[in-house]
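# Coordinate analysis (summary)
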Amino acid sequence: MTTLAHSPVRPLPPPGPGTARLRHLAPNWYAAVMGTAIIAGAGAALPWHPGWLRPALTVVWTVSALMLAALLTARSWHWLRHTEQARAHLRDPAVAPFYGCLPMALLAVGGGALATGIPGGATVDLVLWSAGTALGVVTAVGVPYLMVVRHEITPGKASPVWLLPVVAPMVSAALGPPLAEQLPAGQGRSAMLLGCFALFGMSLFATLLILPAVFSGLVHHGAPAVPATPTLVLVLGPLGQSTTAVGNLADAAPGGFTAASVLYGVPVMGFALMWLLLSAAMVLRALRHGMRFTMTWWAFTFPVGTCVTGAAALARHTGLHALNWLAAALYALLVTAWAVALFRTGRGLLSGELLAAPRPAPAAPR
C-alpha cells in the first residue's frame, strides 16, 4: 500500500490560454482598486451631500470591493502558476515598489466601507485595516531592504514609485482614527490611536528621505520616460494623506490637536498644489510627445483623492469656504481622471493589450 509520505506529487497541469494571460499580471494593478475605492472615501468626506451622492458612492464602493476580490484571486493564481515571474517582479527595482499598492488597496476598500456606511462597514474596515496595516509595515521595510541588498540601482534613477511602499503606513494612520472611534473607550482605542501616530511618523520620515532624491533626479537627469510621466503625481499621495491623517487624529485624539493639524496641513497642502501644477505641466508635455494610455494613468486617481480628504479636513477645522471649494474642485478632477482610467483599462483588457508582455519604454525627450 502506498503511504501518503511516498505518494507521487502530481505536477500542476500546464496553464491554459486563459491563465497564460495572467503571466504578466503585476502588483501595479492594485492601483485600480485604490483609485476606485478613493472615489467613495473622498466623496464621503465632501462638505456637501446631495441626496443622490450616498447611493452613488455605495455603488462605487461595491465595484471597488469586487475588483479587490477578483484581483486577490488573480494574483494568488499568478503566484501559484507563474511563480518565477512573480519572483522576478520582486527582483525588478521598477516593479517591486508596486507591492505597496496591495496594502493600500485593502485599506482604501476598508475605509470606504466605514465612510459610506454600508451594513457591517465597521467590521469590514476592522478586518481590512488590520490586514492592510500589517502588510503595509512589511512592504515599508521589505521593499527598501530589497532595494539595498538585491536591486541594482544606478545614480539618478530615483522614482516617485519608491514612495508606494512607504506611504502605505500613512494610509493606515489616516484611516485608523475613524475606526478607533468605533471602539469602546479604553486601552484598545488609546493603543490604536498611538499606533496611528507611530505609523504617521514611520511614513513621514521615510518620505522625507525619498523626496529629495526624486527631485534631484528630475533636475539633474531630466524628465522620466514618457509612459512613466504620470508617476510624478504619486508625490501627492504622502502629502494629501498626511494632511488627512493629522486631521483625523485631531478629531479622534483626546486633548485636541486641531491647531497642530492646521499648522501642519496648510503648508503641506500648499506644496501639494504646487506639485500638482508641476506634474500637470509635465503630463501635458508628455502628451505632446505621444504619451499613450498605460496602467500608470491610475496615478492620477488615488493621490488626488488624498488631497480631497486633506482639503476637507482643513475645511472642517478652519471653517473656510475656500477649502470646501478646493475639495470639491479636486474631487471633480479625481472623478474625471477615474472615469478615463477605468474606461481605458476596460478597453485594454478586452483587447488583451494590457496583459501582454511589457515593451521597453522609449527614452525621455529632452
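Residues numbered from 1 in each chain as written. Predicted model: local features only at pLDDT ≥ 70, side-chain atom pairs only at ≥ 80, totals over all residues. Heavy atoms only, no water.

A separate point is the overall build of the chain. Looking only at helices and strands, the chain has 12 helices and 0 strands in total. Ordered by position from N to C terminus, the α and β elements of the chain give α-α-α-α-α-α-α-α-α-α-α-α. Expected size for 366 residues packed as a compact globule is a radius of gyration near 21 Å; at 21 Å, the chain falls within 12% of this value. Viewed in the frame of its principal axes, the chain has a C-alpha envelope of about 70 × 60 × 45 Å. The 366 residues of the chain split such that 51% are buried. Pairs at least 24 apart in sequence give 82% of the contacts found in the chain among residues at least 6 apart. Summed over all atoms, the accessible surface of the chain reaches about 17,300 Å², with 71% contributed by carbon and sulfur. Of the charged side chains in the chain, 19 are positive and 7 negative, and the gap between their average positions amounts to 10 Å. (Helix = DSSP H or I, 4+ residues; strand = E, 2+ residues; numbered from the N terminus. Rg over C-alpha atoms; globule rule 2.2 N^0.38 Å. Buried < 20%, exposed > 50% of the residue type's maximum accessible area, 1.4 Å probe, protein only. Contact = heavy atoms within 4.5 Å. Areas by Shrake-Rupley, 256 points an atom, 1.4 Å probe, with all protein chains shown as cover. Lys, Arg positive; Asp, Glu negative; His and termini not counted. Charge placed at Lys NZ, Arg CZ, Asp CG, Glu CD.)

This part is about the side chain of threonine 116. Within the fold, threonine 116 resides in helix α5 (residues 101-116). A distance of 2.6 Å separates the side chain of threonine 116 from the backbone oxygen of glycine 112, its partner in a polar contact. Those residues in contact with threonine 116 that lie beyond four places of it in its chain are Ala40, Arg54, Leu57, Thr58 and Trp61. (Polar contact = N/O pair within 3.5 Å; in protein donor to acceptor, adjacent residues only side chain to side chain.)

Moving on, we come to the nonpolar core. Met104, Leu236 and Tyr331 are the most contacted members of the largest nonpolar core, which totals 104 residues. Once you skip the residues sitting within four places of it in the chain, tyrosine 331 turns out to touch Ile39, Ala42, Gly43, Leu46, Leu57 and Val308. (Core = buried A, V, L, I, M, F, W, Y, C linked by side-chain atoms within 4.5 Å.)

A word on the environment of aspartate 92. Topologically, aspartate 92 is positioned in the loop between α4 (83-91) and α5. Distance in space between the C-alpha atoms of aspartate 92 and serine 190 is 40 Å, their sequence separation being 98 residues. If sequence neighbours within four positions are ignored, aspartate 92 has contacts with Pro97 and His151.

This part is about the confidence of the model for the chain. In this model, the chain carries an average pLDDT of 90, and 91% of its residues clear a pLDDT of 70 or more. Under a pLDDT of 50 for its full length, residues 1-12 has, in the predicted model, 3 contacts with residues more than four places off or in other chains. (pLDDT = per-residue confidence, 0-100.)

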